[in-house]
Amino acid sequence: MVTADSIKTHIEASMPCELVHVEGDDGYHFNAIIVSPEFRGKNMVQQHQLVYRALGGRMKQEIHALSMKTLTPEQWAESNQS
């Protein structure tokens, strides 16, 4: 069964990230916040495609739903200045 920790580990191993936080405990539905410099200059669809690519076949076979919030390091820093 897929776990939030295994998704986090797989993303971190496949792309440079400053933060990966994944939640979900039913083995099928997950929520993630991913902060990566790879997202700079890319729109949200392109950012999500990078994550899907990082997860590879797991998105088609093991993970039923992954809701993502993708941010550049600058966007993350800005969102935490409140």
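Let me sum up the structure you'll find in this document. The residue count restarts for each chain, going from 1 along the sequence in the order it is written. Totals for whole chains, interfaces and linings use every residue, but because this is a predicted model, local features are given only for residues with pLDDT of at least 70 and side-chain atom pairs only at 80 or more, for both listing and counting. Just so you know, side-chain values use all the structure's heavy atoms and leave hydrogens and water out.

### Let's talk about the sheet that holds strand β2 (residues 29–35)
In plain terms, the rule: In this scheme, strands are said to pair when DSSP sees at least two bridges between them. Comment: elements are numbered from the N terminus, with helices defined as DSSP H or I runs of at least four residues and strands as E runs of at least two. Here an axis means a line fitted to C-alpha atoms, over the contact stretch when the element is a helix, while the angle between two N-to-C directions is reported on a 0 to 180 degree scale.
Read across the open sheet, the three strands follow the order β1-β2-β3; overall the sheet is mixed. Of all the strands in the sheet, just β1 (19–23) and β3 (65–71) have a single pairing partner and so form its edges. Averaged over all pairs of adjacent strands, the angle between their axes in this sheet comes to 15 degrees, without regard to strand direction. Across seven bridges, the pairing between β2 and β3 is parallel. Pairing of His29 across the sheet is with Ala65, part of β3.

### Examining the nonpolar core
Filter applied, for reference: Only buried residues count toward a nonpolar core, which is a set of Ala, Val, Leu, Ile, Met, Phe, Trp, Tyr and Cys residues joined through side-chain atoms within 4.5 Å. Partly exposed describes any residue whose relative accessible area lies between the buried limit of under 20% and the exposed limit of over 50%, with all areas from a 1.4 Å probe on protein chains only and scaled to the type maximum. The contact criterion used throughout is that any non-hydrogen atoms of two residues lie within 4.5 Å.
Ranked by size, the top nonpolar core spans 18 residues in total, and within it Ile7, Ile11, Phe30, Ile34, Val51 and Leu66 carry the most contacts. In terms of residue count, the dominant contributor to this core is helix α2 (residues 44–55) (four residues). Look past the residues within four positions of Ile34 in its chain and what remains in contact with it is Ile11, Cys17, Leu19, Val20, Phe39, Val51, Met68, Lys69, Thr70 and Leu71.

### A closer look at the packing of helix α1 (residues 4–14) against α2
We count it as follows: Roughly parallel means an angle under 35 degrees; roughly antiparallel, over 145; roughly perpendicular, 65 to 115; everything else is oblique. In this classification, Asp, Glu, Lys and Arg are treated as charged, Ala, Val, Leu, Ile, Met, Phe, Trp, Tyr, Cys and Pro as nonpolar, and every other residue, Gly included, as polar.
The geometry of α1 relative to α2 is characterised by a closest axis approach of 9 Å and an angle of 105 degrees between their N-to-C directions. Taken together, the axes of α1 and α2 are roughly perpendicular relative to one another. Counted together, Ile7, His10, Ile11 and Ser14 of α1 and Val51, Ala54 and Leu55 of α2 form the full contact between these two elements. Classifying every residue of the contact of α1 with α2 gives five nonpolar, two polar and no charged.

### What about the pattern of salt bridges?
What counts is decided by this rule: Salt bridge, as applied in this entry: a Lys or Arg side-chain nitrogen positioned within 4 Å of an Asp or Glu carboxyl oxygen.
All told, the structure shown has three salt bridges when counted by the stated rule. Between Lys8 and Glu12 there is a salt bridge; the shortest N-O distance is 2.8 Å. With Lys8 and Glu12 both in helix α1 and four residues apart, the pair spans about one turn of that helix. Note on Lys8: relative accessible area 27%, which makes it partly exposed. For Arg40, the salt bridge is made with Glu74, and the minimal N-O distance between the two is 2.7 Å. You can see Arg40 sitting in the loop between β2 and α2 and its partner Glu74 sitting in helix α4 (residues 73–79), a full 34 residues away along the chain. Given a relative accessible area of 41%, Arg40 falls into the partly exposed group.

Treat this as a map of the structure, not an account of what it does.
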